[in-house]
Amino acid sequence: MAYYRATGHIPPKRHTQHRREGGELYYEELMGEEGFSSDSSLLYHRNIPSTISASRVWELTDQSTTPNHPLVPRHLKLHDLFDETAVQTTDVVTGRRLVLGNGDVRISYAVAARPSPWYRNGIGDECVYVERGAARVETVFGAFEVGEGDYVVIPRATTHRWLPVVDEANPLRAYCIEANSHITPPKRYLSKFGQFLEHSPYCERDLRAPSGPLLAEDVGAAADDETDVYIKHRGTGPGGIVGTVHTLPFHPLDVVGWDGCLYPYVFNVRDFEPITGRVHQPPPVHQVFEGYNFVICNFVPRKVDYHPLAIPVPYYHSNVDSDEIMFYVDGDYEARKGSGIGRGSISVHPGGHAHGPQPGATEGSIGVDYFDELAVMVDTFRPLDLGEAGLAADDGVYALSWSRGSGAQGSGPGGSAHSEG
Ligand SMILES: [Fe+2]
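The sections below set out a description of the structure shown in this document.

What counts and how
Residues numbered from 1 in each chain as written. Predicted model: local features only at pLDDT ≥ 70, side-chain atom pairs only at ≥ 80, totals over all residues. Heavy atoms only, no water. Pairing = 2+ DSSP bridges. Helix = DSSP H or I, 4+ residues; strand = E, 2+ residues; numbered from the N terminus. Axes fitted to C-alpha atoms, helices over the stretch in contact; angles between N-to-C directions. 1 Å grid on protein atoms, 1.4 Å probe; cavity = no way out; pocket = protein on both sides within 12 Å on 5 of 7 lines; lining within 4 Å. Points joined across faces, edges and corners; volume = space filled by probe spheres on them. Nonpolar A, V, L, I, M, F, W, Y, C, P; charged D, E, K, R; others polar.

1. As for the sheet that holds strand 3 (residues 40-45)
A sheet is described by the order of its strands in space; here four strands give the open sequence 1-19-3-2, paired in antiparallel fashion. Of all the strands in the sheet, the pair left with one neighbour each is strand 1 (5-8) and strand 2 (27-32). Going across the sheet, the axis of each strand differs from the next one's by a mean of 15 degrees, ignoring polarity. Taken together, the four bridges between strand 1 and strand 19 (residues 255-260) define a ladder with antiparallel strand orientation. If you follow Thr-7 over to strand 19, its bridge partner there is Trp-258.

Pasting the structure below:
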């Protein structure tokens, strides 16, 4: 992360003796990226962090993928994936279902009422977007209370768990973006030393970090409880991903202090300040994060193009180098008559195929001065394949929605009162 934080009890000088009241040493762990050549943090544990007492296989949910072939744009209806019964038995970690994936990033979805087990992603960083509902996320760095619109960015190898706030009318809906790399703010938003620059649509004040008191102080009698930690890691399974469960002879929240520049944080989409212009601004102005070979953008409620002859919806565009995955979170999608695109929809616009407004939407947008929409977009530079949930959620007719008289009109992204797609 961009800047240094310190929390809890740490010694005045790194790599020196740090003892508890009884005189026993704490165990120092360096958690660092790119070997020892990038951001890191030092954590002080009550227990030796490499200790395990048992291990077993964790059978992941189906990670197999199917190519998007023959190549077509698609509409995936994520809200069809979990019925009320499934929600009651699902947690955000073991129950997430794979929607799309490639060798760089995987997008999964979960609607969950159950607490997750302790979990660590050993493959890459995770960015979990909370579409609806609320949860407490406990990590070895501290805890977060998260809710609608939060991006929860969790560095690779961070032990944590998800505890949903149970609300049958508004369950936790988690849109999980798992990288095979690190997820960071765009480099162009940062100074050469990592501070957010003035043109960035958000800055340090908008980021929530875990804060004290550290959870090790709250564990109490559970400190010696044997605990399973579910680890997703590289292997020879579908997508090169497999799982292992490690049993620890103690509670994983045993950190009494940490400092450094690597830690989980939360950013809420409502704190993203949109960049607008006289004529249509390209999607990079909406970027919020990036990983290796993909970017994450968000389209937030905003005033739109104000040139006297402006066309607020986008021109047709061939994103020749990327697949474009738009997740529709909020907005007046009722205007998209007959489309089916709405809250909880994903549009898949693959590289090699032009896309843009539905018939009539370009003319219809003229004079509109505000877009009331909220969408999260992932663009990948390698093609995405469909996971089992992507196949299950496919409406099967979206590809025809630009055909006049097809009966499927109206499903084009960038509908009459909306923007990108
Ligand atoms: Fe697009």
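Once the structure has been displayed, the description carries forward.
2. Here's the deal with the sheet that holds strand 7 (residues 97-101)
One open sheet accounts for nine strands, arranged 5-28-7-8-15-10-13-20-16; its pairing is antiparallel. Strands with a single pairing partner mark the edges of an open sheet, and in this sheet they are strand 5 (65-66) and strand 16 (207-208).

3. Things to note about the layout of surface pockets
Roughly 700 Å³ of internal volume is contained in the largest pocket. Around the largest pocket, the lining is made up of 29 residues, and of these Glu-33, Ser-38, Asp-39, His-182 and Thr-184 lie nearest the centre. Sorting the residues of the lining of the largest pocket by element identifies strand 2 and strand 21 (287-291) as the ones contributing at least two each. When its residues are assigned to classes, the lining of the largest pocket shows 14 nonpolar, eight polar and seven charged. In this structure, the second largest pocket spans a volume of roughly 430 Å³. As for the second largest pocket, its lining consists of 20 residues, of which Glu-29, Pro-49, Arg-120, Ala-157 and Thr-159 are closest to the centre. When residues of the lining of the second largest pocket are traced back to their parent elements, those giving at least two are strand 2, strand 3, strand 17 (227-234) and strand 18 (241-248). Partitioned by chemical class, the residues of the lining of the second largest pocket number 12 nonpolar, five polar and three charged.

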